[in-house]
Every structure is written in structure tokens, then in C-alpha cells.
Amino acid sequence: MRLRLQGAKINKAKKGELRCSPPTGYVYDSEGKLVLDPDEGVVAAIELAFQKFRELRTAFKVMRYFCVNQIPFPRRRWRPGDIGTLHWGPANLSRITALLHNPTYTGTYVYGRRRSFNVIEAGQIKKVKIQQLPQEEWKVIIHNAHEAYISWPEYLSNCERLRHNCPISLSDGCPGTPREGFALLQGLVICGKCGRRMSPRYHGTGGCRAAYECTQARKQDGSVGACWSVAGAAIDTAVSVHVLSAFTDEQLDISLAVLSELENIADEADKTWQLRLERVRYEAERAFRQYDATEPENRLVARTLERRWNEKLQILAELEEAYQKARQVQRLELTAVQRQQILQLANDIPTLWHASTTTNLERKEILGLLVKQVAITPIDAPSRSTRVQILWHTGVTSELIATRPTNAEKFRTPNGVIQLIEELAVGRTDSEIAHELNRRGLVGGSGRAFTKKGVAWIRWKFGIEKPLSNPQVAHLGVSPEGYYSTSALALKLGVGIHTVYYWRDKGIIQAFQETPRSPWWYIVTPEVLETLREKIRRVPVKSE
Ligand SMILES: [Zn+2]
């Protein structure tokens, strides 16, 4: 039946006779033909929109032109009870783009531009989704069907233009799509100032730096400039550190303790139920015994006792039913093994997060599983920062403060990173330091991953020396930290270098190499020295 109706609809459409709600700028005349709107104001506004797009080239600028010059935009509504009434209001972006995308304005009759399909969710038809079809798949196209505002070629070039203007977005395959990865909180961030959704924007070479911007207001009414925007790195880091800290053993221990407390409460409740049941059972039995004990001649008493016994049985049945229901409310019982598994899993998540094989897309997924929304608000006093409020899926909220760098500061290497490089500089090459920083998910001032050269530059800029590359240390073979070269150590103890090698291979003394083929350095503390001297005293070693 539906198919036949659909077929009839398409047949009618093929003749250009199927009437749909016309776009603003057109109405049906008394004969049912599509004609230009009799209101000249409407026609003028539509023509102006097309003319401005020819000049200004973007739908956004057209919308802003209307808003800034306070030119109202018409709209005819075609809803039941509101058929064909004309409304004037501010132009907004979606209406301007809809106008530019609509082929009807070329005088062409089109049917089947969209397809709707039902979505089945949890076994139920939930909603109808509308999908725009490419032009080749439109069912009916009849040119010169009615009067036109613009030509067909102009329409096609407008569509091409709009597609080209399409802002960078992560969801589609635009050529400008940045490398997957930055703006971890994409889709979660809400503007704390106006409550609108904030979207990520990418700057820098290859879109390597992310910022969160609140621009929804601009799209609505052409307000100039964004509500506010903020560099993403500091906020991403603050949120991910906070989320990962939720996985510490302590936090989980508390959660598990609360769980077992709940189990105890459930056990208590069960005991209360058992007591109530026992009492009612006893009463029912007693009522039966009393009834059973009456002489058959004493009918009046027997009838009363029988009624009482039945009442007790009824109460017992009801109570048992209620108890079964209460028991069905599922209880989470954890065995010791399960607790251990949960703790283990929680330990794995930070490792998984930092693993170099984990992509930022996967980190986004982990965040999305835990966090529902993140509201961010700029704060200027007592210091320039961002208030970050996290709404977890559990309904709990947490609040933190992230630094909000000024434009100049954005390019600086964060202080924490510099400190870390200082710590890591000992016993590691620049490549190894870069690798370690990347493994911890840190980024430099440019928002990019660290490289060997980048680390060398930061070390040079902040005067962080690697002790072993100091020429004097290289010459003497002894560093202030107590690292000895093989020959320096052999000399100090009066043994041959092969003895030192022997101790190293046996693990008697700790040693490291800066790179696989570079010289060995020995970590020598006073205790180590004493141990080694003791060895020399006990086992006479031939000197070479
Ligand atoms: Zn806002």
C-alpha cells in the first residue's frame, strides 16, 4: 500500500504536478501553478540575497550584510494552521544557505532531493533521518517549470562555492582536515559565558594548534567576532590529568569500599525481611492450629477462626511476593578477585593513555566514556586563567583551573616541560628525551611533538647541560653526579678495565650508555666504592 502511494506520488512528480511547500519567494496561484510571490518586498529580499552572494562569495557575509544593515528577511510558513502566512525576521545562516542550495529558485521543478529513512534503536523505530542525495540521484528534474530568480549554471556554481567555503571540520573529508588528534575535548566543550557549544579551530602549520571557540552566536545573528576563544592545549592537559587521577588506587579503594558498604546494607535489609516473613508464617500457623483445634459442633467459632486463618495466609502470600520483588533489584556483589581485576584495569588505563600506540582519537573515546560535558569560562582575576567544570556521566561535577596563556605565551615551552627536560637530561640522549616527552603526551609551545633537534634547542635556550657532554667531564671521565668513565674508575680503584667490565656484566655495578655505541658511564656512590674496594681486598685481582 505504501509502495503504491509512493509510486503514485512519483508519477505525479514526474509530470511536475506534485505540490510541496514552496520556498519563500514563491506561492501557488489559483490554478496551482508556482509563481513569484505577489509581495514585492519578498521578491526584492530574495533577489538581494542572491545578488549579495555574487559579490560577497560567502553565505556568512550575506547573512551579516542583512543583519548589520538591519534588513529583515522574509519567510512564508506552510504549516497546518499557519498556511502561507508571511513572517519577517532577522536573516540567519541556515536560511541563507538553504536558499542558496535550493534549485527551485532556478525555475526548475525538482523532486527527490532527499531521502528519509527510519532509524531502529533498541528494537524500536525511533526517528526519521533525512539524507541529502547527490544531484545524479534526484528522481525528477524539470527545467523551465516556473519563473526563475537565478540561472541553473549560477545555482551549480553557488553550490560549488558553498562546498568550497565549508569550514574545516573533523567529521568530513575536507582537504583541510587537520591531522586527527588535537582538541581532545571536541564535542564536549560548552561555553561558560553563554552556554552554547564551543567548536575546535585549528591554527598553525597543518592545523597543529587547537583552540576552542564560541562562535554559535555569530552564526545565529551575525554578531561580529566570537564570544571568546581559548588555546586548547592547557585545558586538554588539565582535564586529562584530572581524569587520569580518578584512576588512582586510593580513589578506587574508596569507591569499592562504598560498594561493599552498600552490600552490607542490602544484607541488613534481607535480614529484616526474613524476620517479618517468619513472624507472619508463625501467625498463620497459629491461626491454623486454633482453627484445627475447635470442635466441629462449635461451627460459629470455627467459621471465625477459618476466616482469620485465611486472612493470615493472604498476608503471608503478599509479603512473600513483595520479598521476591525486592530481591530482584539487582545487587552488585564483588568477589576479591573481581576487586583485584577492577584495580588492575584502572592501573592499565593511565598506561594505555600514555602509550605511544594510542592515538588521540582513542584518547577522545576514553574521555567521552567518562565525561559528559566540560564547561569552560574565562577568568581574569586574581590571574588570567580558565575555569574548567567537568560533568561526569555519573552526574558528579568537578572543577579545576587551567592556565590561559596570552598570545605570546602560547608559543613558549611550558615550564613543567623545561623542568622535566632538566631531570631527564641526565643519562639520556636528546632523542631519548624527546621520545620520553612524547610518550607522556606532552607538547611544546608550537603544539607539536618533540624532536631531537627541538630538545637540543630548548636545552641550549635554557642552559640545561647534559653533564656528560661537558668537555671537562669528557676529559677527566668523572662528572659531578658521580658518573665515572671506564678508565677513570679503573684508575681510581687501581684495577684493569676488564675487571670493571666484569663487574658491569655481573651487575655488581650500575652502568649506562648515552647511545648504543657510546662509552659506558658507571654510577659510583661512596657505598658502591666501598663494596668494590672490599672485593679487591678479598680477591686479589691481577693488575694489567
Ligand atoms: Zn559563548
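What counts and what doesn't
Within any chain, residue numbers begin from 1 and follow the written order of that chain's sequence. The predicted origin of the model limits local features to residues at a pLDDT of at least 70 and limits the giving and counting of side-chain atom pairs to 80 or more, whereas totals for whole chains, interfaces and linings rest on all residues. A run of DSSP states H or I qualifies as a helix once it reaches four residues; a run of E qualifies as a strand once it reaches two. Both are numbered from the N-terminal end. In this description, a residue-residue contact is defined by the distance between C-beta atoms placed from the backbone, which must lie within 7 Å. Any residue with 12 or fewer other C-beta atoms within 10 Å of its own C-beta is exposed, any with 20 or more is buried, and the rest are partly exposed; the C-beta atoms used are placed from the backbone. At least two bridges found by DSSP between two strands are what make those strands a pair. For every element, the axis is a line fit to its C-alpha atoms; helices are fit only across the contacting stretch, and the angle between N-to-C directions ranges from 0 to 180 degrees. Here a nonpolar core is just a set of buried residues of the types Ala, Val, Leu, Ile, Met, Phe, Trp, Tyr and Cys, joined wherever their C-beta atoms sit within 7 Å. For every residue, the pLDDT score states the predictor's confidence, bounded by 0 at the bottom and 100 at the top. Roughly parallel means an angle under 35 degrees; roughly antiparallel, over 145; roughly perpendicular, 65 to 115; everything else is oblique. Handedness of a crossing follows from how the near helix is turned relative to the far one, being left-handed for an anticlockwise turn of less than a right angle and right-handed for a clockwise one. Three categories are distinguished: nonpolar for Ala, Val, Leu, Ile, Met, Phe, Trp, Tyr, Cys and Pro, charged for Asp, Glu, Lys and Arg, and polar for the others, with Gly belonging to the last.

**Overview of the overall build of the protein chain**
Thinking step 1. For the protein chain, the helix and strand inventory stands at 18 helices and 18 strands.
Thinking step 2. The long-range fraction of contacts in the protein chain, counting pairs at least 24 apart against all pairs at least 6 apart in sequence, stands at 54%.

**Details of the pairing of strand β4 (residues 82-89)**
Thinking step 1. In terms of burial, β4 is largely open, as just zero of its eight residues are buried.
Thinking step 2. In this antiparallel pair of consecutive strands, strand β3 (residues 73-79) and β4, the connection spans two residues, and Gly-81 shows a positive phi of 85°.

**What to know about the sheet that holds strand β15 (residues 397-403)**
Thinking step 1. As summarised here, the arrangement of the four strands in space is β9-β13-β14-β15, forming an open sheet in which the pairing is mixed. Of all the strands in the sheet, the pair left with one neighbour each is β9 (189-191) and β15. Sheet twist, expressed as the average angle between the axes of neighbouring strands with direction ignored, equals 25°.
Thinking step 2. Pairing geometry for strand β14 (residues 385-392) and β15, over seven bridges, is antiparallel. Paired with Val-388 across the bridge in β15 is Leu-400.
Thinking step 3. Across the face of the sheet, helix α7 (residues 232-245) comes into contact with β13 (371-379), β14 and β15 while running at roughly 140° to β15.

**Section: the nonpolar core**
Thinking step 1. In terms of nonpolar packing, the biggest core is built from 26 residues, with Leu-185, Ile-235, Val-239, Val-374 and Val-388 touching the most fellow members.
Thinking step 2. Of all elements in the fold, only β9, β11 (209-213), β12 (229-231), α7, β13 and β14 reach the threshold of two or more residues within this core.
Thinking step 3. Looking at this core element by element, the count peaks at five residues for α7.
Thinking step 4. Non-local contacts of Val-239, meaning those with residues more than four positions away in its chain, are made with Leu-185, Val-374, Val-388 and Ile-390.
Thinking step 5. Val-42, Ile-46, Ala-49 and Ile-96 belong to the second largest nonpolar core, which has 18 residues in total.

**A closer look at the confidence of the model for the protein chain**
Thinking step 1. Confidence in the prediction of the protein chain, expressed as mean pLDDT, is 79, and 83% of residues score 70 or more.
Thinking step 2. The weakest mean pLDDT in the protein chain belongs to strand β7 (residues 124-132) at 67; the strongest belongs to helix α2 (residues 40-56) at 92.
Thinking step 3. Within the model, the stretch residues 168-181 combines pLDDT values under 50 with 19 contacts to residues more than four positions away or in other chains.

**Here we look at unusual backbone geometry**
Backbone phi values are negative for most residues with the exception of glycine, while trans is the configuration of most peptide bonds.
Thinking step 1. Of note in the backbone geometry, Arg-57 takes a positive phi value of approximately 70° without being a glycine.
Thinking step 2. By the secondary structure assignment, Arg-57 is in the loop between α2 and α3 (59-68).
Thinking step 3. You will see that Asn-144, though not glycine, has its phi angle at about 50°, which is positive.
Thinking step 4. On the secondary structure map, Asn-144 appears in the loop between β8 (140-142) and α5 (152-165).

**Notes on the packing of α2 against α3**
Thinking step 1. Taken N-terminus to C-terminus, the directions of α2 and α3 make an angle of 125°; their axes are 9 Å apart at the nearest point. Between α2 and α3, the interaxial angle falls into the category oblique. The two elements α2 and α3 cross, and the hand of that crossing is right-handed. For the pair α2 and α3, contact is made by Ala-49, Lys-52, Phe-53 and Leu-56 and by Ala-59, Lys-61, Val-62 and Tyr-65, respectively.
Thinking step 2. Here the contact of α2 with α3 is composed, by residue class, of six nonpolar, no polar and two charged.

**A look at the sheet that holds β11**
Thinking step 1. The strand order across the open sheet built from three strands is β10-β11-β12, with neighbouring strands paired in antiparallel fashion. Every other strand in the sheet has two partners, leaving β10 (199-203) and β12 as the edge strands with one partner each. Each strand of the sheet is rotated relative to its neighbour by a mean of 30°, with strand direction disregarded.
Thinking step 2. Sheet analysis places β11 next to β12, joined by three bridges and oriented antiparallel. Counted as the bridge partner of Ala-211 is Ala-231 from β12.

**So, the environment of Asn-92**
Thinking step 1. Counting through the fold element by element, Asn-92 comes out in the loop between β4 and α4 (93-101).
Thinking step 2. As for Asn-92 and Ala-59, which are separated by 33 residues in sequence, their C-alpha atoms are 9.5 Å apart.

**Regarding the environment of Thr-24**
Thinking step 1. As for its position among the elements, Thr-24 is in the loop between α1 (2-14) and β1 (26-28).
Thinking step 2. C-beta crowding within 10 Å serves as the criterion here: with 22 such atoms nearby, Thr-24 is assigned to the buried category.
Thinking step 3. Separated by 13 residues in sequence, Thr-24 and Asp-37 place their C-alpha atoms 7.9 Å apart.
Thinking step 4. Non-local contacts of Thr-24, meaning those with residues more than four positions away in its chain, are made with Val-42, Ile-46, Pro-74, Arg-75 and Arg-76.

**Quick look at the pairing of β3**
Thinking step 1. Two elements, β3 and β4, share seven bridges in a ladder whose sense is antiparallel. Bridging from a neighbouring strand, Arg-77 pairs with Thr-85 of β4.

**Points about the environment of Glu-514**
Thinking step 1. You can see Glu-514 is positioned in the loop between β17 (511-513) and β18 (520-523).
Thinking step 2. According to the C-beta neighbour criterion, Glu-514 is partly exposed, with 17 such atoms within 10 Å.
Thinking step 3. On a C-alpha basis, the gap between Glu-514 and Asp-430 in space is 9.5 Å, while along the polypeptide they are 84 residues apart.

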